Amino acid sequence: MQQPNSFRLVVRRGPQPNQTYEISKDVTTLGRDITNDIVVNDRETSRHHLRLQRSSDTVTVEDLGSTNGTFVNGKRVSGVTTLQNGDMVGLGETVTLAFEIQRGQQMPAVGGPPASGGIPTPGPLSPPPVEAPPAEASYGPPAAAFGGQQPLVDPYLPPVGESTPAPPIAYPEGPPQMQQPAYYGQPPAGYQIPPPPQQYPGYDYDPYKARDDEGGSSQWLVLGCFVFFVLAFVCFGFIGLLLIDTLNLWCDTPVITQIVAAFGYC
């Protein structure tokens, strides 16, 4: 029994490389529009680019008046063209599809001998033989002493009722001596206890802060002296003017006489 051939297109160049499209319908349309059977979203592909017609053993391609044309092995298609296995179908200049044919295999008849190149029919399956578990060694008293059940034993231990004395440990240089514990009492004679490390008093000194403090104090000192001299000058001037006015010395004092004469008082 011969299986039918299968056909497919494989994207070699385009928006989705290695994408496979099976041609399973008698008439398959390809284009950019989503109503097509095979949709190729590329600017070189028309909305309805080409039509594929499938028969029992061949596939033909027909261009549907596309803008950029359909090419088979570099030659532009003008009518219906039959595709061969391995042909390269081009859509414009940017999309290339490889046409592949997968030949059907010869299937053997059910229950008969395999045909040439077919797959042999498997016979009825038989269950694998069941092997009996290996007998285990029995140690100790019989199972009747334990109510008909065999007790669990360790195969590396000697049988019940027998004992193997442990060999004595031989020390060629005598038994090991116990290590004396460390002495935590008074130190031995001549031992000098090292003095504790010298502790330095902590301080918090910032040279920049000290410099800023010194600059601020000097500014306040200068400002205080200036204010003092201004107040002293005002006080002494007021006292002098008061004395001049009390003694009527406006026209007798040399500097004040000139100032008063300017206003026409002397």
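Everything in this summary refers to the structure shown in the same document. (Residues numbered from 1 in each chain as written. Predicted model: local features only at pLDDT ≥ 70, side-chain atom pairs only at ≥ 80, totals over all residues. Heavy atoms only, no water.)

**Side note on the overall build of the protein**
Here is step 1: Assigned secondary structure in the protein consists of two helices and eleven strands.
Here is step 2: Ordering the α and β elements of the protein from the N terminus gives β-β-β-β-β-β-β-β-β-β-β-α-α.
Here is step 3: Intrachain contacts of the protein at a sequence separation of at least 6 include 36% that bridge at least 24 residues. (Helix = DSSP H or I, 4+ residues; strand = E, 2+ residues; numbered from the N terminus. Contact = heavy atoms within 4.5 Å.)

**Remarks on the pairing of strand β1 (residues 6-13)**
Here is step 1: Sheet analysis places β1 next to strand β11 (residues 95-102), joined by seven bridges and oriented antiparallel. Residue Val 11 lies in a different strand from β11, and its bridge partner there is Leu 97.
Here is step 2: By the bridge criterion, four bridges tie β1 to strand β2 (residues 20-23) in an arrangement that is antiparallel. Pairing of Arg 8 across the sheet is with Glu 22, part of β2. (Pairing = 2+ DSSP bridges.)

**Quick word on the pairing of strand β10 (residues 88-91)**
Here is step 1: Across three bridges, strand β7 (residues 70-72) lies against β10 in antiparallel orientation. From the neighbouring strand, Val 72 faces β10, where its bridge partner is Val 89.
Here is step 2: The pairing of β10 with β11 spans four bridges and is antiparallel. The partner of Gly 90 across the bridge, within β11, is Thr 96.

**Let's talk about the packing of aromatic side chains**
Here is step 1: As enumerated under the stated definition, the model contains two aromatic pairs in all.
Here is step 2: Ring geometry for Phe 7 versus Phe 99: centroids 6.0 Å apart, planes at 10°, classification stacked. One end of the pair, Phe 7, is in strand β1; the other, Phe 99, is in strand β11, and 92 residues separate them in sequence.
Here is step 3: The exposure class assigned to Phe 7 is buried, which follows from its relative accessible area of 1%.
Here is step 4: Each ring, one from Phe 228 and one from Phe 229, has its centre 5.8 Å from the other, and the planes form 70°; the classification is edge-to-face.
Here is step 5: The exposure class assigned to Phe 229 is exposed, which follows from its relative accessible area of 57%. (Phe/Tyr/Trp six-rings, centres within 6.5 Å; stacked < 30°, edge-to-face > 60°. Buried < 20%, exposed > 50% of the residue type's maximum accessible area, 1.4 Å probe, protein only.)

**Here we look at the nonpolar core**
Here is step 1: Leu 9, Leu 30, Leu 52, Leu 83, Leu 97 and Phe 99 are the most contacted members of the largest nonpolar core, which has 21 residues in total.
Here is step 2: For this core, the elements supplying multiple residues, two or more each, are β1, β2, β5 (50-54), β6 (59-63), β10 and β11.
Here is step 3: Ranked by residue count, the leading element in this core is β11, at four residues.
Here is step 4: If sequence neighbours within four positions are ignored, Leu 97 has contacts with Leu 9, Val 10, Val 11, Leu 30, Asp 87, Met 88, Val 89 and Leu 91. (Core = buried A, V, L, I, M, F, W, Y, C linked by side-chain atoms within 4.5 Å.)

**Section: the sheet that holds β11**
Backbone hydrogen bonds are what pair the strands of a sheet, in a parallel or an antiparallel way.
Here is step 1: Read across the open sheet, the six strands follow the order β2-β1-β11-β10-β7-β8; overall the sheet is antiparallel. The sheet is open, and its two borders are formed by β2 and β8 (75-76), each paired with just one other strand.

**Let's talk about the pattern of salt bridges**
Here is step 1: The final tally for this structure, using the stated rule, is six salt bridges.
Here is step 2: With a closest N to O distance of 2.9 Å, Arg 8 and Glu 100 form a salt bridge. Of this pair, Arg 8 sits in strand β1 while Glu 100 sits in strand β11, placing them 92 residues apart in sequence.
Here is step 3: In this structure, the salt-bridge partner of Glu 100 is Arg 12, at a minimum N-O distance of 3.0 Å. Taken together, the residues Glu 100 in strand β11 and Arg 12 in strand β1 connect sequence positions 88 residues apart.
Here is step 4: Through salt bridges with shared partners, one network takes in Arg 8, Arg 12 and Glu 100. (Salt bridge = Lys/Arg side-chain N within 4 Å of Asp/Glu carboxyl O.)

**Examining the sheet that holds strand β9 (residues 81-83)**
Here is step 1: Here we have five strands laid out as an open sheet, ordered β4-β3-β5-β6-β9, and mixed in their pairing. The open sheet terminates on both sides in strands that have one partner only, identified here as β4 (38-39) and β9.
Here is step 2: Where strand β3 (residues 27-31) lies against β5, four bridges are found, and the strand directions are antiparallel. Following the sheet pairing, Thr 29 is matched in β5 by Arg 51.

**Description of the environment of Arg 12**
Here is step 1: Classification of Arg 12 as partly exposed rests on a relative accessible area of 43%.
Here is step 2: Linking Arg 12 and Thr 96, residues 84 residues apart in sequence, is a C-alpha distance of 5.5 Å.
Here is step 3: Ignoring anything within four residues of it in the chain, the contact list for Arg 12 reads Asn 18, Met 88, Thr 96, Ala 98 and Glu 100.

Interpretation in functional terms is not warranted from these geometric data alone.
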